Amino acid sequence: MCAEAVELAREAAEQAAHPHPLGAYLGLVTEADRLVTHLFESREPGYPGWRWGVTVTRAARARYVTVDEVALTPGPDALLAPDWVPWSKRLRPGDMGPGDLLPTEGDDPRLEAGFVSDAPETEPAEVASELGLGRPRVLAWVGLQDAADRWEEHYGPRTPMAQAAPASCVSCGFLLPMAGALRQAFGVCANEFSPADGHVVSLAYGCGGHSEAAVMPEPQVPAPPVIDHLGADPL
């Protein structure tokens, strides 16, 4: 009886789809005993491939079929919104602007607990602060490795600029050494004419702005004048 109640389902779907017309009958789906869903094509603007589903049921020993639910549901070829992506995964470098806040999770793998003394006036606390350890959290090994990979990708030895450079940054006078665990591999460029000015660069990086890239030629000294001491010029 539920499978045969197509006209009952059609009337319910037409009321739900009003004022838009109802499309063709697409078949039925048996949900359970005495529970069937009839499907009709939807002609709602902006919902291509969607279907009106009308679920009908009949109680035990009842003589009539009743409508249980009417819903607009997506079909196999329906146009759907893309899967939700959390903001933390959608954020890209450079997206932050003035006034934006980027909270860091408490279990962020890039960070680990730092050294914070309970007695800030003691000598060890002052030394720790000077060394950069007086912070609640510091970079963990994962954070250091991620930063090193990022910096080498943009200013590392495999970039076209470094491949064509006459020498590497490790011997450049414009290199500012870094402190911390990465000081043996990275520094900061201070050459205003370099494409890496103000950026962290690998010591194996290089560019045409190397301080020793080319030696300026010394100015040529003109030859001494030739003076004729034997002749005399007429006055």
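For the structure itself, consult the block above.
Residues numbered from 1 in each chain as written. Predicted model: local features only at pLDDT ≥ 70, side-chain atom pairs only at ≥ 80, totals over all residues. Heavy atoms only, no water.

Caption draft 1: Region of interest: the nonpolar core. Counting residues in hydrophobic clusters, the biggest one holds 14 residues, and the most contacted among them are Ala 13, Leu 22, Phe 40, Trp 52, Val 54 and Val 56. Those elements that place two or more of their residues in this core are α1 (6–17), β2 (35–42) and β3 (50–57). With 5 residues, α1 is the single largest residue contributor to this core. Ignoring any residue separated from it by four or fewer positions in sequence, one finds Val 54 in contact with Ala 9, Ala 12, Ala 13, Val 36, Thr 37, His 38, Phe 40, Val 67, Glu 69 and Val 70. Ranked by size, the runner-up nonpolar core spans 9 residues in total, among them Cys 169, Leu 175, Ala 196 and Tyr 205. (Core = buried A, V, L, I, M, F, W, Y, C linked by side-chain atoms within 4.5 Å. Buried < 20%, exposed > 50% of the residue type's maximum accessible area, 1.4 Å probe, protein only. Helix = DSSP H or I, 4+ residues; strand = E, 2+ residues; numbered from the N terminus. Contact = heavy atoms within 4.5 Å.)

Caption draft 2: Quick look at the sheet that holds strand β8 (residues 186–189). Pairing is antiparallel in the open sheet, where 3 strands are placed in the order β7-β8-β9. The sheet is open, and its two borders are formed by β7 (175–177) and β9 (200–202), each paired with just one other strand. Neighbour to neighbour, the strand axes of the sheet diverge by 50° on average, direction disregarded. Across 3 bridges, the pairing between β7 and β8 is antiparallel. Looking at β8, one finds that Leu 175 is bridged to Cys 189. Along the sheet, helix α4 (residues 141–155) makes contact with β8 and β9, crossing β9 at roughly 80°. (Pairing = 2+ DSSP bridges. Axes fitted to C-alpha atoms, helices over the stretch in contact; angles between N-to-C directions.)

Caption draft 3: Local environment of the environment of Leu 22. Along the chain, the position of Leu 22 falls in strand β1 (residues 22–32). It is 8.6 Å that separates the C-alpha atoms of Leu 22 and Glu 44, two residues lying 22 residues apart in sequence. Residues in contact with Leu 22, not counting those within four places in the same chain, are Arg 10, Ala 13, Glu 14, Ala 17, Phe 40, Glu 41, Arg 43 and Trp 52.

Caption draft 4: A look at the sheet that holds strand β4 (residues 66–74). Taken together, the 4 strands give an open sheet; going across it, the order is β1-β2-β3-β4, and neighbouring strands pair in antiparallel fashion. The open sheet has two free edges, formed respectively by β1 and β4, since each of these has just one partner strand. Across the sheet, the mean angle separating the axes of adjacent strands is 20° when strand polarity is ignored. Both β1 and β2 contribute to a ladder of 7 bridges, which runs antiparallel. Its bridge partner lying in β2, Val 29 is registered against Thr 37.

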